[in-house]
Amino acid sequence: MQHLSQLPNGVPTQLFIGGKWRDSSDNKVIEVIDPATSELLAKVSSASAGDADQAVEAAYNSQSDWEKVPPRERGEILRRAFELMTENSEEISRLMVLENGKAIADARSETAYAAEFFRWYSEEAVRLTGIVQHAPSGSNRIMVLRQAIGVAVLITPWNFPAAMATRKIGPALAAGCSIVLKPASDTPLTALYLAKLLTKAGVPEGVVNVIPSNRSSEVVPGMLHDPRVRKLSFTGSTEVGRSLLREASDCIINCSMELGGNAPFIVFDDADIDAAIEGAMVAKMRNGGEACTAANRFYVHEKIASEFTSRLAKQMAALKVGPGLEDGVQLGPLINAQAREKVGSLVGNAVNSGAKVELGAEEIKGKGFFYKATVLRDVPAGAQLLNEEIFGPVAPIVSFSSEDEVIELANATEFGLVSYLYTGNLKRGLRVAEALGSGMVGLNRGLVSDPAAPFGGVKQSGIGREGGHEGVLEYTESKYIATSW
Ligand code: NAD
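No experiment lies behind these values; they were computed from the predicted model shown. (Residues numbered from 1 in each chain as written. Predicted model: local features only at pLDDT ≥ 70, side-chain atom pairs only at ≥ 80, totals over all residues. Heavy atoms only, no water.)

Side note on helix α9 (residues 273-285)
Consideration 1: End to end, α9 covers 17 Å across 13 residues, agreeing with the expected 18 Å (1.5 Å per residue, within 8%).
Consideration 2: When α9 is considered as a whole, its buried residues turn out to be I273, A276, I277, G279, A280, M281, A283, K284 and M285.
Consideration 3: N287 occupies a position one or two residues after α9 and carries a positive phi of about 60°. (Helix = DSSP H or I, 4+ residues; strand = E, 2+ residues; numbered from the N terminus. Expected span 1.5 Å × (residues − 1). Buried < 20%, exposed > 50% of the residue type's maximum accessible area, 1.4 Å probe, protein only.)

Shown next as C-alpha cells:
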C-alpha cells in the first residue's frame, strides 16, 4: 500500500490477520485524508467480507490457547504494551494529528490516556475473582467463576483513534478474549500501529487482528452472524449502534454499546465562575468539540448568563486555530467536509430560529476542514443543535431560572451519556447529580474520563461500561457450578 512522505516510517498500511500483514483479498484501499490539508495521507488496505471471515477464524483458532495463558502473563504483555506506547508516545500523537486533525496537545493527552488502559487492565488481569457461598438451603455450595466470553469484535470511531481502541483491547486481552478490531475508515493508521506494538509486546499470533474497511455495512454484519463471535463492543453513533444491535440479535451476541451523547453543562448562580469557565473550555473544546462527552448545551442561571457568555466567548476567541502539528495550535480542523457541513447547518438552523451569534458561526475558507470557535446565546428550545450532537467547536447557551426547570431541560433528550454541573453548594450538587439522567456526571469538573472509572451511558447513549473493574467484566461470562462436598 502507498506510504506517503508525511507518515512516520514504519506505520503499517495493510490488514493484520493471524499475525501477518497483508493486502485485502480484492486489493481495495481506503484513501486516508489529512483533515488539515484535505490531501491524501495514505492508502490503506480495505478489508472485504472474506478478509473479515479470515480474521474471525484467526481469532477463533487462537481463543482457547489465549484464555489458558496465565492471567499474570496476559497482564505482563499488557504492561509491556503500556510501556511501548509511552516510549513511542510522540510518534503515536503525531500520527493521530495527521489522520484525525486534532491539535498536538490533545493528541498527547489522548496517547497518555489510551496507554493507561493497557496499564489498568494489566493490573485487572489478575483480579478476576469469583464467588463461593453456601446455598441458602444449606444443601450445597454455589461457586461462580468468571470465564472469557470468547472472540470479540471491536468497532471504534474516528474521534479518539487510540483511546477508543485501547479501552476495548485492554480489557478483552486481560479477560482472555481474542479480538478482531475494525477501526473507523477515517483513522485506521493508529489502530494498525497499535497492532504492531502489541505484537512487539508479546501478543501471540491470531489474538489481535485489525481489519480497516470502508465497506463496514458489508463486513460487520457477516461477523455478527458468525456463531464463532461471542461479543460485540461498539463505540460510535446511536444510529449505527441501533442497527448493529439488530444484526447481533440473530446469534444473540453479547453487546457493549458506547453511543452518542448530548451533554448538558449547567452553571448555577452560586458557582465559582472562574472554575466554570475553565471547565467549560475543557468540556467543550477538548478535541475541538469532537467528543461524545462534549458539552453540547450550556444552561446558565439567568443572573450570570450574560457574564458567563461574554467570558466564554473571550476565551474561545483567543484559541489558536490551525493545523494540529503547528506550534501552539489549540483548535484543529473537523474530521471531514461532511462533518463541517453538519456543524454549519446546525448553527444556521439555530440562528434562523432566533439564536444570537456572540462569536464565530462560520467556516474558515481555504485548505482543510476548519470551523471557527462559535458561541451562540438566547438559543430557543426547539433549535436542532440542542437536541442532537454538534460534534464541533460550537457552544449554544440557554438561560434558566430554577433548579427544577434546568433538571427538566437537561433530561429532555433521548441521550444520557454525561452531564456537567457547577455549583458552590454541595447538597445541591449531589441532589442534582442524582436527578440527572446520565451515566456520568462531572460535578464542578469539565472532564470525567478516567481508565479506572466506569464510563458509559444510559437511555440511547449505550449499554454497559468501559474502564474500571466493570470494563473487564464485559468480556467475561459467569459460570455457576452447583456442588456439594
Ligand atoms: P459511526 O457510528 O459513524 O461509526 C463508528 C464505527 O462504526 C466506525 O468504525 C464505522 O466505520 C462503523 N460503521 C459505520 N457504519 C456502519 C455500518 N452500517 N455497519 C457497521 N459498522 C459501521 O460514528 P463515528 O462518526 O465514527 O463517531 C462519532 C460517534 O461516536 C458520535 O456519535 C460519538 O458520540 C460516538 N462516540 C461515543 C463514545 C462513547 O464512549 N459513548 C466515544 C466516542 C465517540
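Once you've had a look at it, read on.
Here's the deal with the side chain of N296
Consideration 1: Structurally, N296 can be placed in strand β13 (residues 295-301).
Consideration 2: Among the polar contacts made by the side chain of N296, one reaches the main-chain carbonyl oxygen of E388 at a distance of 2.8 Å. (Polar contact = N/O pair within 3.5 Å; in protein donor to acceptor, adjacent residues only side chain to side chain.)

Things to note about the nonpolar core
Consideration 1: Judged by nonpolar contacts, the single largest core of 64 residues is most densely connected at I169, L173 and L189.
Consideration 2: Membership of the second largest hydrophobic core comes to 35 residues, among which are A263, A271, L331 and V418. (Core = buried A, V, L, I, M, F, W, Y, C linked by side-chain atoms within 4.5 Å.)

Looking at a negative patch on the surface
Consideration 1: There is a patch of like negative charges on the surface, built from E302, D404, E405 and E408.
Consideration 2: Mapped onto the fold, E405 is located in helix α12 (residues 403-411).
Consideration 3: By relative accessible area, which is 30% here, E405 ends up partly exposed. (Patch = residues over 30% accessible without salt bridge, like charges linked within 9 Å, V, L, I, M, F, W, Y side chains within 5 Å. Areas by Shrake-Rupley, 256 points an atom, 1.4 Å probe, with all protein chains shown as cover. Salt bridge = Lys/Arg side-chain N within 4 Å of Asp/Glu carboxyl O. Lys, Arg positive; Asp, Glu negative; His and termini not counted. Charge placed at Lys NZ, Arg CZ, Asp CG, Glu CD.)

Examining the site of the ligand
Consideration 1: Close to the ligand lie 28 residues, the nearest being T156, R167, S237, L259 and E389.
Consideration 2: Between K182 and the ligand, the recorded distance is 3.0 Å, taken from a side-chain N or O atom to an oxygen atom.
Consideration 3: A distance of 3.2 Å is found between an oxygen atom of the ligand and a side-chain nitrogen or oxygen belonging to S216.
Consideration 4: For the ligand, the protein covers 86% of the area, taking 840 Å² as the surface of the free molecule.
Consideration 5: For the shell around the ligand, the elements supplying multiple residues, two or more each, are α5 (163-175), α7 (216-224), β10 (229-235) and α8 (238-249).
Consideration 6: Per-element accounting of the shell around the ligand gives the leading share, three residues, to α7. (Near = heavy atom within 4 Å.)

Brief notes about the sheet that holds strand β5 (residues 131-134)
Consideration 1: Taken together, the three strands give an open sheet; going across it, the order is β5-β6-β20, and neighbouring strands pair in antiparallel fashion. Of all strands in the sheet, those bounded by a partner on one side alone are β5 and β20 (476-483). Neighbour to neighbour, the strand axes of the sheet diverge by 20° on average, direction disregarded.
Consideration 2: Bridging between strand β6 (residues 141-148) and β20 involves eight bridges; their strand directions are antiparallel. Its bridge partner being in β20, V144 is matched across the sheet by Y480. (Pairing = 2+ DSSP bridges. Axes fitted to C-alpha atoms, helices over the stretch in contact; angles between N-to-C directions.)

Quick notes on the domain arrangement of the protein
Consideration 1: Under the domain assignment, the protein is made up of domain 1 (15-259 + 461-483) and domain 2 (263-450).
Consideration 2: Taking only C-alpha atoms into account, the centre of domain 1 sits 30 Å from that of domain 2.
Consideration 3: Each partner contributes residues to the interface: domain 1 has 28 residues there, and domain 2 has 30 residues.
Consideration 4: When domain 1 packs against domain 2, the two sides together hide about 2,200 Å² of surface, and 58% of this comes from carbon and sulfur.
Consideration 5: For the interface between domain 1 and domain 2, the tally reads one salt bridge.
Consideration 6: Between E39 and K367 there is a salt bridge, with its nearest N and O atoms 3.3 Å apart.
Consideration 7: Mapped by element, the contributors of at least two residues to the side of domain 1 that touches domain 2 are α3 (89-100), α4 (104-124) and α8.
Consideration 8: When residues in the side of domain 1 that touches domain 2 are grouped by element, the largest group, five residues, is from α3. (Domains from an automatic or database assignment. Contact = heavy atoms within 4.5 Å. Buried area = accessible area lost by both parts, 1.4 Å probe.)

Remarks on the pattern of salt bridges
Consideration 1: Throughout the structure, instances matching the rule amount to 26 salt bridges.
Consideration 2: A salt bridge links E307 to R311, with the nearest nitrogen and oxygen atoms 3.4 Å apart. Of the two residues, E307 and R311 are both situated in helix α10 (residues 305-317); the distance of four residues between them amounts to about one turn of the helix.
Consideration 3: The exposure class assigned to R311 is partly exposed, which follows from its relative accessible area of 30%.
Consideration 4: We note a salt bridge from D378 to R377, for which the minimum N-O separation is 3.2 Å.
Consideration 5: Several salt bridges converge on common partners, so that one network encompasses D53, E57, D226 and R228.

Some remarks on the sheet that holds strand β18 (residues 440-443)
Consideration 1: Across the sheet, which stays open at both edges, the seven strands sit in the order β14-β15-β16-β13-β12-β17-β18 with mixed pairing between neighbours. Edge positions in the open sheet fall to β14 (356-359) and β18, since each of these has one partner strand only. When the angles between neighbouring strand axes are averaged without regard to direction, this sheet yields 25°.
Consideration 2: Judged from the three bridges that link them, strand β12 (residues 263-267) and strand β17 (residues 418-422) form a sheet pairing that is parallel. By the bridge assignment, V267 is partnered in β17 with Y422.

A look at the state of the cysteines
Consideration 1: Per the counting criterion, the structure on display carries zero disulfides.
Consideration 2: This cysteine, C177, is not joined by any disulfide, and C255 carries the nearest cysteine sulfur, 14 Å off.
Consideration 3: Take C177: its relative accessible area is 0%, and that puts it in the buried class. (Disulfide = S-S within 2.5 Å.)

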